[in-house]
Amino acid sequence: MTKMADNGSSVEIVEGCRLPVLRKNQEHEDEWPLAEILSVKEVSGRKLYYVHYIDFNKRLDEWVTSDRLDMKKLQFPKKEAKTPTKNGLPGSRPSSPEREVRKSLDLNLQSATAPSRGKTLPTPKRKVETVPLATQVSPATPVPSLPSSAEASQASVFPAVRDTNTFKSREDHDQLASLTTNGTARRLIPAQPGRKRKANCGGTDEMIKVLQYNNPQSASVFLPPPEDSQDSSDGIPSAPRMTGSLVSDRSHDDIVTRMKNIECIELGRHRLKPWYFSPYPQELTTLPILYLCEFCLKYLKSLKCLQRHLTKCNLRHPPGNEIYRKGTISFFEIDGRKNKTYSQNLCLLAKCFLDHKTLYYDTDPFLFYVMTEYDSKGFHIVGYFSKEKESTEDYNVACILTLPPYQRRGYGKLLIEFSYELSKVEGKTGTPEKPLSDLGLLSYRSYWSQTILEILMDLKPDNGERPQITINEISEITSVKKEDVISTLQYLNLINYYKGQYILTLSEDIVEGHERAMQKRHLRIDPKCLHFTPKDWSKRGKW
């Protein structure tokens, strides 16, 4: 049972304590969410507390003063039972939310796999919401017998995992991120080794009829979801990786990496407030501002050092080959082996805004595609994505990031579209490396939806009959992996089963919403402006 503080004035707050903390929400209203104290420091005789808001994204973590703490509801950390360490000595440590939830999930997994012995195992106290990941779906459910006559024509397939309240507000996005990026809600369903079936909607080669302007209602059935996607939904590959990976292993998190260590970054004409920890050198973390050269991304400790560096830095664009230019937008391909210093500096910068990926200083297995905006002073970095030179799991993106000053302007979708254009040239289908962050998931869901709907709405009737298309054909046209196509169709609630075959039903709301979204999407990739020749990286001589 959690202890509560009786007298807030006489109690010393230590790391691991939980209590409500005052903050402003999106409407600039006061709210008191529960937070955990991660660290305490004293500056000029004044105590500051670093807090993590429970069930909120880590990018909202901050230093607060004692006047923002509700001492009346202070909860002291629970001490775990002393357990022998590796050396046989007893040890104990205060509990943390990640450890508690992970422990509870492990117990649930044991209860799901072990035979019942009459004992009830504890369940997580914290509420765990359903996360509608693009690849996270429920186990295959047998399709019940379909209703007859008029009811059958209205039967619709709802997505296997869908929470209509998940994306209502930006605040919800932050709550979602705590489940998708901190690794505490992974693998809720234990994987079954040796069992692997290919995903199918009655077979991905089976023709699917497309109906427009029907409003599906009445009875609903579940489409058997793709089981192949279970291995990748939690970001942990089922087989050993022979190439590099940027997926973060959350099991080694400590109190240092849970805290932001850089106060502010100056990059060209922008000042950025980092969201997460990044392993910059320790001596730079105490500076009020970290200065970066916007062309080579070298980090410097003062403005004077930056000015001196700019007189010697000859770069006015990222190193590597410019493989795309249209208007002011350019893309540069950078080899992580040939341009190691730039690639490492790029990873350090990106880690400030990506929590779900880790940083490897060995950038040799990766290619980096940097998007820039051109003006009279040079090519300024807007965002980037990285990909493995050789991916055994069809990943066409490892990390993807649009820098905060350029977010919500269409650049994220442009990066995604460019990654699939490269896959088209390579003659492959691709998918991003899992798990996706909350913002990454939203961007990919939106891109997949718009791309697939664009194809479906362009289909022409054949000899007076309704147009037909297969999942494989959609995948080949878009280079989007079949599992992502199926999950997107389920998410949009388009697939229906009627008279022994699957049909896609486009309602008026879907069509109108798509047309409105496409009118706002001004930035597009022009394949004619892409000058890219894929390499065979299996030949080690080309490394």
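Since we're looking at a predicted model, the values are computed, not measured.

Chemist: Which parts of the structure should I look at to understand helix α6 (residues 340–351)?
Modeler: In an α-helix, one full turn covers 3.6 residues, which means residues spaced three or four apart are oriented alike. Look at α6: 16 Å from first C-alpha to last across 12 residues, which is about the 16 Å you get at 1.5 Å a residue. α6 sits mainly inside the fold: nine of its 12 residues count as buried. Listed as buried for α6 are Y342, S343, N345, L346, C347, L348, L349, A350 and K351.

Chemist: Got a minute to help me understand the sheet that holds strand β19 (residues 378–388) in this structure?
Modeler: The pairing of strands in a sheet comes from backbone hydrogen bonds and takes either a parallel or an antiparallel form. Ordered in space as β16-β17-β18-β19-β21, the five strands form an open sheet in which the pairing is antiparallel. Of all the strands in the sheet, just β16 (321–326) and β21 (399–402) have a single pairing partner and so form its edges. Sheet twist, expressed as the mean angle between neighbouring strand axes with direction ignored, is 20°. Against the sheet, helix α7 (residues 411–426) makes contact with β16, β17 (329–335), β18 (366–375), β19 and β21, and its axis sits at roughly 55° relative to β19, the strand it touches most.

Chemist: Hey, could you run me through the UniProt feature "active site" (unreviewed entry) in the protein chain in this one?
Modeler: Under the feature "active site" (unreviewed entry), the UniProt entry names E433. Its relative accessible area of 2% is what places E433 among the buried residues.

Chemist: Help me out: how do you make sense of the packing of aromatic side chains in this one?
Modeler: Any aromatic ring pair is given by two values, namely how distant the centres are and how the planes are angled relative to each other. By the definition in use, this model includes 17 aromatic pairs. Aromatic side chains W275 and F353 sit 5.6 Å apart centroid to centroid with 85° between the ring planes, which places their arrangement in the edge-to-face category. Taken together, the positions of W275 in the loop between β13 (270–272) and β14 (290–292) and F353 in the loop between α6 and β18 put the pair 78 residues apart, joining distant regions of the chain. On the basis of relative accessible area, W275 is assigned to the buried category, the value being 16%.

Chemist: Would you mind showing me how to read the pairing of strand β25 (residues 501–506) here?
Modeler: The side chains of a regular strand alternate, first on one face of the sheet and then on the other. The element β25 is largely enclosed, with a buried count of five among its six residues. Where strand β24 (residues 495–498) meets β25, four bridges bridge the pair, whose relative direction is antiparallel. What sits directly across from Y498, in β25, is Q501. The turn linking β24 back onto β25 is made up of two residues, and K499 within it adopts a positive phi angle of 50°.

Chemist: Help me understand the sheet that holds strand β1 (residues 18–20), please; the structure alone is not making it clear to me.
Modeler: A sheet is described by the order of its strands in space; here four strands give the open sequence β1-β4-β5-β6, paired in antiparallel fashion. Two strands in the sheet have a free side with no partner beyond their single neighbour: β1 and β6 (62–65). If you compare each strand with its neighbour and ignore which way they point, the axes differ by 50° on average. Here eight bridges tie strand β4 (residues 34–43) to strand β5 (residues 46–53), and the two strands are oriented antiparallel to one another. Following the sheet pairing, A35 is matched in β5 by Y53.

Chemist: Hey, could you run me through the state of the cysteines in this one?
Modeler: By definition, a disulfide links the sulfur atoms of two cysteine residues through a covalent bond. Within the structure shown, the criterion is met by zero disulfides. This cysteine, C399, is not joined by any disulfide, and C347 carries the nearest cysteine sulfur, 7.0 Å off. Owing to a relative accessible area of 5%, C399 belongs among the buried residues under this scheme.

Chemist: How should I be thinking about empty space enclosed by the protein in this particular structure?
Modeler: By rolling a water-sized probe across the atoms, one finds the places where empty space is left. Using the criterion set out here, one finds six cavities of 30 Å³ or more in the structure. Estimated volume of the largest cavity: approximately 70 Å³. Lining the largest cavity are L267, R269, H270, L272, E294, H380, I381, L403, P405 and Y406. Those elements giving two or more residues to the lining of the largest cavity turn out to be β13 and β19. By residue class, the composition of the lining of the largest cavity is six nonpolar, two polar and two charged.

Chemist: How should the side chain of E333 be read in this particular structure?
Modeler: Mapped onto the fold, E333 is located in strand β17. Buried and without a salt bridge, E333 has K535 as its closest oppositely charged side chain, separated by 5.8 Å.

Chemist: In this structure, what is going on with the packing of helix α9 (residues 471–478) against helix α10 (residues 482–491)? I would like to understand it.
Modeler: A packed helix pair is summarised by two numbers, namely the angle formed by the two axes and the spacing between the axes. At a closest axis distance of 9 Å, the pairing of α9 and α10 adopts a crossing angle of 115°. By the criterion of interaxial angle, the relationship of α9 to α10 is roughly perpendicular. For the pair α9 and α10, the sense of crossing is right-handed. Counting all contacts with α9, which are made through I471, N472, I474 and S475, the residues of α10 involved are K482, V485, I486 and L489. Classifying every residue of the contact of α9 with α10 by side-chain character gives five nonpolar, two polar and one charged.

Chemist: Looking at this model, I keep getting lost on the side chain of T478. Mind explaining?
Modeler: When you line up the elements, T478 lands in helix α9. T478 gets classed as buried once you look at its relative accessible area, which sits at 3%. For T478, the side chain forms a polar contact with the main-chain oxygen of I474, separated by 2.8 Å. Side-chain polar atoms of T478 contact the backbone nitrogen of V480, separated by 3.2 Å.

Chemist: Help me out: how do you make sense of the pattern of salt bridges in this one?
Modeler: In a structure, side chains of opposite charge can pair up when their charged atoms sit close to one another. A full pass over the atoms with the stated rule returns 19 salt bridges. K58 is the salt-bridge partner of D355, the closest N and O atoms lying 3.1 Å from each other. Taken together, the residues D355 in the loop between α6 and β18 and K58 in the loop between β5 and β6 connect sequence positions 297 residues apart. We note that D355, like K58, is buried.

The rules behind each value
Residues numbered from 1 in each chain as written. Predicted model: local features only at pLDDT ≥ 70, side-chain atom pairs only at ≥ 80, totals over all residues. Heavy atoms only, no water. Helix = DSSP H or I, 4+ residues; strand = E, 2+ residues; numbered from the N terminus. Expected span 1.5 Å × (residues − 1). Buried < 20%, exposed > 50% of the residue type's maximum accessible area, 1.4 Å probe, protein only. Pairing = 2+ DSSP bridges. Axes fitted to C-alpha atoms, helices over the stretch in contact; angles between N-to-C directions. Contact = heavy atoms within 4.5 Å. UniProt positions renumbered as here; feature names shortened; annotations may be inferred. Phe/Tyr/Trp six-rings, centres within 6.5 Å; stacked < 30°, edge-to-face > 60°. Disulfide = S-S within 2.5 Å. 1 Å grid on protein atoms, 1.4 Å probe; cavity = no way out; pocket = protein on both sides within 12 Å on 5 of 7 lines; lining within 4 Å. Points joined across faces, edges and corners; volume = space filled by probe spheres on them. Nonpolar A, V, L, I, M, F, W, Y, C, P; charged D, E, K, R; others polar. Lys, Arg positive; Asp, Glu negative; His and termini not counted. Salt bridge = Lys/Arg side-chain N within 4 Å of Asp/Glu carboxyl O. Parallel < 35°, antiparallel > 145°, perpendicular 65-115°, else oblique. Left-handed = near helix turned anticlockwise from the far one by under 90°. Polar contact = N/O pair within 3.5 Å; in protein donor to acceptor, adjacent residues only side chain to side chain.

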